[in-house]
Amino acid sequence: MSDHPPQHIVAVMGVVTDANDRLLLVRTHLRGWEPPGGQVERGEELIEALRREIAEESGCAVEVGRLVGVYSNVAAPEKLMFTFLCRHLAGEPTPSAETPEVGWFTTEEALRLVTFPPQHDKLRDALAAASGVLYRAYRTHPYVVLSEHLC
């Protein structure tokens, strides 16, 4: 047993749809196009973190819906990520320092634009609308899925 307790980054991602069933995507400097989200701050709860991250990255306010995915990246730095379905409430997509481009896209466009494999899979999972919550463990660089389980 290690002398140090495990430490993981906790993150959230929102698959946001508008009244026209378009998907909100943000373009980041590191991974390209992806649904908005980010790290949960110490002492912050998941839903508030997700609302904050979406507002910071896109300028939009959302209603957070159901949890659709839990993901564990076991490569350093280890991350535990939660994906939620969200509904757009207000605000126009506006770029930020983190996200130089933001916009609404059809499902087909979004699946084509989101190319970073873990993010693409999370988006695809959320759009599949399976009953239950999908859990996936993976490693990045190279991307390898280690296990999946529908709960």
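Scroll up for the structure.
The structure displayed is predicted, hence computed values, not measured ones.

Calculation rules
- Residue positions are given per chain, counted from 1 along the sequence in the order it is written.
- Thresholds applied to this predicted model are a pLDDT of at least 70 for local features of residues and 80 or more for the giving and counting of side-chain atom pairs; totals over whole chains, interfaces and linings are not thresholded and use all residues.
- The basis for every side-chain value is the complete set of non-hydrogen atoms in the structure, without hydrogens or water.
- Secondary structure is summarised from DSSP: a helix means a run of H or I of at least four residues, a strand means a run of E of at least two, and numbering begins at the N terminus for each.
- Throughout, exposure labels follow a simple rule: accessible area from a 1.4 Å probe, protein chains only, divided by the maximum for the residue type, with under 20% read as buried, over 50% as exposed, and the rest as partly exposed.
- Just so you know, the count uses Lys and Arg for positive and Asp and Glu for negative, and it drops His and the chain ends.
- By convention, the point assigned to a charge is CZ for Arg, NZ for Lys, CD for Glu and CG for Asp.
- Throughout this description, the term nonpolar core refers to a set of buried Ala, Val, Leu, Ile, Met, Phe, Trp, Tyr and Cys residues connected via side-chain atoms within 4.5 Å.
- We call two residues contacting when some pair of their heavy atoms lies within 4.5 Å.
- What makes two strands pair is DSSP finding at least two bridges between them.
- What counts as a salt bridge is simple: a side-chain nitrogen of Lys or Arg found within 4 Å of a carboxyl oxygen of Asp or Glu.
- Aromatic pairs are defined between Phe, Tyr and Trp rings, using the six-membered ring for Trp, whenever the two ring centres lie within 6.5 Å; interplanar angles under 30 degrees are classed as stacked, those over 60 as edge-to-face, and all others as tilted.

Caption draft 1: Here's a closer look at the overall build of the protein chain. Along its length, the protein chain carries three helices and nine strands. The secondary structure elements of the protein chain, listed N-terminal to C-terminal, are β-β-β-β-α-β-β-β-α-α-β-β. On the principal axes, the C-alpha backbone points of the protein chain span a range of 50 × 30 × 30 Å. For the protein chain, the proportion of its 151 residues judged to be buried stands at 41%. Side chains of the protein chain give 14 positive and 21 negative charges; the mean places of these two sets differ by 4 Å.

Caption draft 2: Looking closely at the nonpolar core. Val12, Val16, Leu24, Leu50, Ile54, Phe84 and Cys86 are the most contacted members of the largest nonpolar core, which has 18 residues in total. Elements represented by at least two residues in this core include exactly strand 1 (9-17), strand 2 (23-28), helix 1 (46-58), strand 5 (61-73), strand 6 (79-90) and strand 7 (101-105). Beyond its immediate chain neighbours, meaning those up to four positions away, Leu50 contacts Val12, Met13, Gly14, Pro36, Val64, Phe84 and Cys86.

Caption draft 3: View of the pairing of strand 2. Taken across its six residues, strand 2 has five buried, putting it largely inside the fold. The pairing of strand 2 with strand 7 spans five bridges and is classified as antiparallel. Across the sheet, residue Arg27 finds its bridge partner in strand 7, namely Glu101. As paired elements, strand 2 and strand 3 (residues 32-34) share three bridges and run antiparallel to each other. Following the sheet pairing, Thr28 is matched in strand 3 by Gly32. Here strand 2 hands over to strand 3 after three residues, the two strands then running antiparallel side by side.

Caption draft 4: Looking closely at the environment of Val15. Relative to the assigned elements, Val15 resides in strand 1. Owing to a relative accessible area of 4%, Val15 belongs among the buried residues under this scheme. Beyond its immediate chain neighbours, meaning those up to four positions away, Val15 contacts Leu23, Pro35, Thr83, Phe84, Leu85, Cys86, Leu123, Ala126 and Leu127.

Caption draft 5: Layout of the pattern of salt bridges. According to the stated counting rule, one finds 13 salt bridges in the structure shown. Between Asp121 and Arg124 there is a salt bridge, with its nearest N and O atoms 2.8 Å apart. Linking Asp121 with Arg124, this pair stays in helix 3 (residues 117-128), spanning three residues, or about one helical turn. Residue classification places Asp121 among the buried residues on the basis of a relative accessible area of 11%. Taken together, the salt bridges that share partners define one network made up of Glu41, Glu44, Arg52, Glu53 and Glu56.

Caption draft 6: A look at the packing of aromatic side chains. Enumeration according to the criterion identifies two aromatic pairs in this entry. With 5.1 Å between their ring centres and 70° between their planes, Trp33 and Phe105 make a pair best called edge-to-face. With Trp33 in strand 3 and Phe105 in strand 7, this residue pair connects regions lying 72 residues apart in the sequence. Take Trp33 and Phe105: they sit in the same class, and that class is buried. With a centroid separation of 5.4 Å and 65° between ring planes, the pair formed by Tyr138 and Tyr143 is classed as edge-to-face. Take Tyr138: its relative accessible area is 3%, and that puts it in the buried class.

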